[in-house]
Amino acid sequence: LDLPVLGFAAAVTIATAVLAGLVPVLAAGRLDVASALRDGAVGSGSAVRGQRLRGGLVIGEIAITLLLSYTSAGLIRSLIAAQHADPGFDSHDLLALGLQVSPAEYKTNDQIREFYATLTDALRRQPGIFDVALVTCPPGAGDCGDWWYSPLNRPVPARADVPLTLFLAADVSYFRTMGIRMLAGREFGPSDRAGSPLVTIVNEDLLRRWWPSPQAAIGQRIKFGGPYNEGDVVQIVGVTANVSQMGLDGEKQPQMFFPWAQDGIFPAFLNSASVMMRTKGNPAALIPVVRRTLSSLNRNLPIRSLLPFDEQLGATLARRRFSTLLLGVFAALAIALAGVGIYGVLNYWVSVRNREIAVRMALGARRPTILRWAGWQALRLAFAGIALGAAGGWSAARLLKSMVYGVSERSPVTMLLAIVVVLAIVALAA
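Definitions and cut-offs
Residues numbered from 1 in each chain as written. Predicted model: local features only at pLDDT ≥ 70, side-chain atom pairs only at ≥ 80, totals over all residues. Heavy atoms only, no water. Helix = DSSP H or I, 4+ residues; strand = E, 2+ residues; numbered from the N terminus. Rg over C-alpha atoms; globule rule 2.2 N^0.38 Å. Buried < 20%, exposed > 50% of the residue type's maximum accessible area, 1.4 Å probe, protein only. Contact = heavy atoms within 4.5 Å. Areas by Shrake-Rupley, 256 points an atom, 1.4 Å probe, with all protein chains shown as cover. Lys, Arg positive; Asp, Glu negative; His and termini not counted. Charge placed at Lys NZ, Arg CZ, Asp CG, Glu CD. Core = buried A, V, L, I, M, F, W, Y, C linked by side-chain atoms within 4.5 Å. Disulfide = S-S within 2.5 Å. Salt bridge = Lys/Arg side-chain N within 4 Å of Asp/Glu carboxyl O. Phe/Tyr/Trp six-rings, centres within 6.5 Å; stacked < 30°, edge-to-face > 60°. Lys NZ or Arg CZ within 6 Å of the ring centre and 35° of its normal. Expected span 1.5 Å × (residues − 1). 1 Å grid on protein atoms, 1.4 Å probe; cavity = no way out; pocket = protein on both sides within 12 Å on 5 of 7 lines; lining within 4 Å. Points joined across faces, edges and corners; volume = space filled by probe spheres on them. Axes fitted to C-alpha atoms, helices over the stretch in contact; angles between N-to-C directions. Parallel < 35°, antiparallel > 145°, perpendicular 65-115°, else oblique. Left-handed = near helix turned anticlockwise from the far one by under 90°. Nonpolar A, V, L, I, M, F, W, Y, C, P; charged D, E, K, R; others polar.

Looking only at helices and strands, the protein features 13 helices and 11 strands. Relative to a compact globule of 430 residues, whose C-alpha radius of gyration would be 22 Å, the protein shows 32 Å and is clearly more extended. Seen through its C-alpha atoms, the protein measures out along the principal axes to roughly 100 × 55 × 45 Å. Among the 430 residues that make up the protein, the fraction classed as buried is 42%. Taking the contacts inside the protein whose residues are at least 6 apart along the sequence as the reference set, 80% of them involve residues at least 24 apart. By element, 62% of the accessible surface of the protein is carried by carbon and sulfur atoms, the whole surface being about 22900 Å². Across the protein, the 40 positively charged side chains and the 29 negatively charged ones have centroids separated by 13 Å.

Moving on: the nonpolar core. In terms of nonpolar packing, the biggest core is built from 26 residues, with Leu 99, Phe 115, Tyr 116, Leu 119, Val 275 and Met 277 touching the most fellow members. Those elements that place two or more of their residues in this core are β1 (94-100), α4 (109-124), β2 (129-135), β10 (272-279) and α8 (287-297). Apart from residues no more than four positions distant in its own chain, Leu 99 is found in contact with Phe 115, Tyr 116, Leu 119, Asn 271, Ser 272, Ala 273, Val 275, Leu 294, Leu 301, Pro 302, Ile 303 and Arg 304. Leu 94, Phe 175, Phe 188 and Val 243 belong to the second largest nonpolar core, which has 25 residues in total.

Before going further, it helps to spend a moment on the state of the cysteines. The final tally for this structure, using the stated rule, is 1 disulfide. Across the disulfide from Cys 137 sits Cys 144; the S-S distance is 2.0 Å. Its torsion about the S-S bond being 65°, the disulfide of Cys 137 and Cys 144 is classed as right-handed. Residue class for Cys 137 comes out buried when judged on its relative accessible area of 3%.

Turning next to the pattern of salt bridges. It is possible for side chains of opposite charge to pair when their charged atoms get near one another. Applying the stated criterion across every chain yields a total of 10 salt bridges. Put simply, Asp 192 and Arg 186 hold a salt bridge, and the shortest N to O gap is 2.8 Å. In this structure Asp 192 comes out as buried when scored by relative accessible area, which is 5%. Classification of Arg 186 by relative accessible area gives partly exposed; the value is 34%. Measuring nitrogen to oxygen at the nearest pair gives 3.3 Å for the salt bridge that ties Glu 356 to Arg 360. Residue Glu 356 and its partner Arg 360 are both found in helix α11 (residues 354-362); the two are separated by 4 residues, about one turn of the helix. Judged by its relative accessible area of 22%, Glu 356 falls in the partly exposed class. Among the residues examined, Arg 360 registers a relative accessible area of 36% and is labelled partly exposed.

Our focus in this paragraph is the packing of aromatic side chains. Within the structure shown, the criterion is met by 13 aromatic pairs. Seen from their ring centres, Tyr 174 and Phe 257 are 6.4 Å apart, and the 40° between their planes marks the pair as tilted. Of the two residues, Tyr 174 sits in helix α5 (residues 174-178) while Phe 257 sits in strand β9 (residues 255-259), which places them 83 residues apart along the sequence. With respect to class, Tyr 174 is no different from Phe 257; both count as buried. Through a chain of ring-to-ring contacts, the aromatic side chains of Tyr 106, Phe 115, Tyr 116 and Trp 260 assemble into a single cluster. Its guanidinium or amino end placed over the ring of Trp 373, Arg 360 lies 4.1 Å from that ring's centre, counting from NZ or CZ.

Right, let's talk about unusual backbone geometry for a bit. Phi is positive for Asp 93, close to 55°, though the residue is something other than glycine. The topology assignment puts Asp 93 in the loop between α3 (45-83) and β1. Asp 93 sits in the partly exposed class, given a relative accessible area of 35%.

Our next topic: the environment of Phe 130. Structurally, the position occupied by Phe 130 is in strand β2. Along the sequence, Phe 130 and Met 277 sit 147 residues apart, while their C-alpha atoms lie 7.3 Å from each other. Beyond its immediate sequence surroundings of up to four residues, Phe 130 is in contact with Arg 278, Thr 279 and Lys 280.

We now examine helix α12 (residues 367-396). Compared with the 44 Å implied by 1.5 Å per residue over 30 residues, the 42 Å span of α12 between its first and last C-alpha is a close match. Those residues of α12 that fall on the buried side of the exposure criterion are Ile 370, Trp 373, Ala 374, Gln 377, Ala 378, Leu 381, Ala 382, Gly 385, Ile 386, Gly 389, Ala 390 and Gly 393.

This part covers empty space enclosed by the protein. Gaps left between atoms are located by rolling a probe of water-molecule size over the structure's atoms. In total, this model carries 2 cavities of 30 Å³ or more according to the counting rule given. Quantified by volume, the second largest cavity comes out at close to 40 Å³. What lines the second largest cavity is Tyr 70, Gly 74, Leu 400, Val 404, Ser 408, Glu 409, Ser 411 and Thr 414.

For the rest of this paragraph, the subject is the side chain of Arg 113. Following the sequence through the fold, Arg 113 ends up in helix α4. For Arg 113, a relative accessible area of 12% puts it in the buried group.

Turning to the packing of helix α10 (residues 318-351) against α12, a few remarks are in order. A pair of packed helices is characterised by two quantities: the angle between their axes and the separation of those axes. The N-to-C vectors of α10 and α12 enclose an angle of 140°; their axes lie 11 Å apart at closest approach. The angle between α10 and α12 falls in the class oblique. Seen from above, α10 lies across α12 with right-handed handedness. Where α10 abuts α12, its residues Val 345, Leu 346 and Trp 349 lie against Trp 373, Ala 374, Gln 377, Ala 378 and Leu 381.

Where α4 contacts α8, the two axes come as close as 10 Å, and the packing angle between them is 140°. Overall, the two elements α4 and α8 adopt an arrangement that is oblique. Between α4 and α8 the crossing geometry is right-handed. From α4, Phe 115, Thr 118, Leu 119, Ala 122 and Leu 123 reach across to α8, where they touch Val 290, Thr 293, Leu 294 and Leu 297. Grouping the amino acids of the contact of α4 with α8 by side-chain chemistry returns 7 nonpolar, 2 polar and no charged.

Shown next as structure tokens:
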């Protein structure tokens, strides 16, 4: 708990309670007996002023309810869109093992590769594991490394304009195991090893920035590090579809894949890797098998993570789920307050008009007429609150632009849905 935040919240709560309690107390202290005796009369000045104050509070409640309902509905639609987004690979029946080997025990990349080769061979022999692959940064893990780059057949950019790309290393089985679609060219093969010409596979986002088609990118050369840094020149041998590297709701970014067997510019980045296993059935059921297999090779190597990859990828939406839940709770609270407020105002409005209602009924007014008359008072408050809330929600929608995914932050359908919800609450309270 953050004590300053807790103190602020407590102070605001106490101040609200004191203010709400002081207003009627101070009003009672200025009570004029003659005026109070006339307050029951319809149209008396103090009764009208009190009614307007209560009506204004209810209008404010309705406006806030509509605003919160609209924004929370937008975030709910955005969360649903993110959950159904195409990650660029087949995330089902995948088990991910995250490891980080000790530099003291595995001092060179060759030793690291030998260990992982032994581990992947052992895992492939286990029943229920269909295929195994290695990658230094799996989808959804975010930015595990980025660096400047520049295509060689393009004008040299200024220092401030050199583009960045995410980079990672993957083995020959990675694209096949993950089900990542190749748009052109080939996957990594056994010939892409130490001492062979340096190659890379780029994603669709990087391709679109420089070349008109996937086929046009094949054979092109890229200076890794850009024109102002030391770095190797690599040749593009393949183009893949975009993968959700920054999470299911993350923005697609340029990405370069390097062969696991070739030494890259950053030789230490093989220390941390994920073993991706395509399973035959429930991945969680194979977790004990993977633990035993790893322990048989190195019982001192800690496991960073071992989860079905659907769970690991779904965790990238945790922040979005929390924001949506929080705003949804606020909206539900506002709906409850608005309902109570409308009920209270109408209840008081009817109670001070008992005599007037009796006179109307004595003169022949039927029950539906009286109900419509009372209901119109609720609708007047509702229409005023909806007008304010709709204007506020539409204006505030631009603040949600960075929070929504796959949907427009300004949606007439969502606004209409929020208005229907508010009208239903008003009708129920009335």
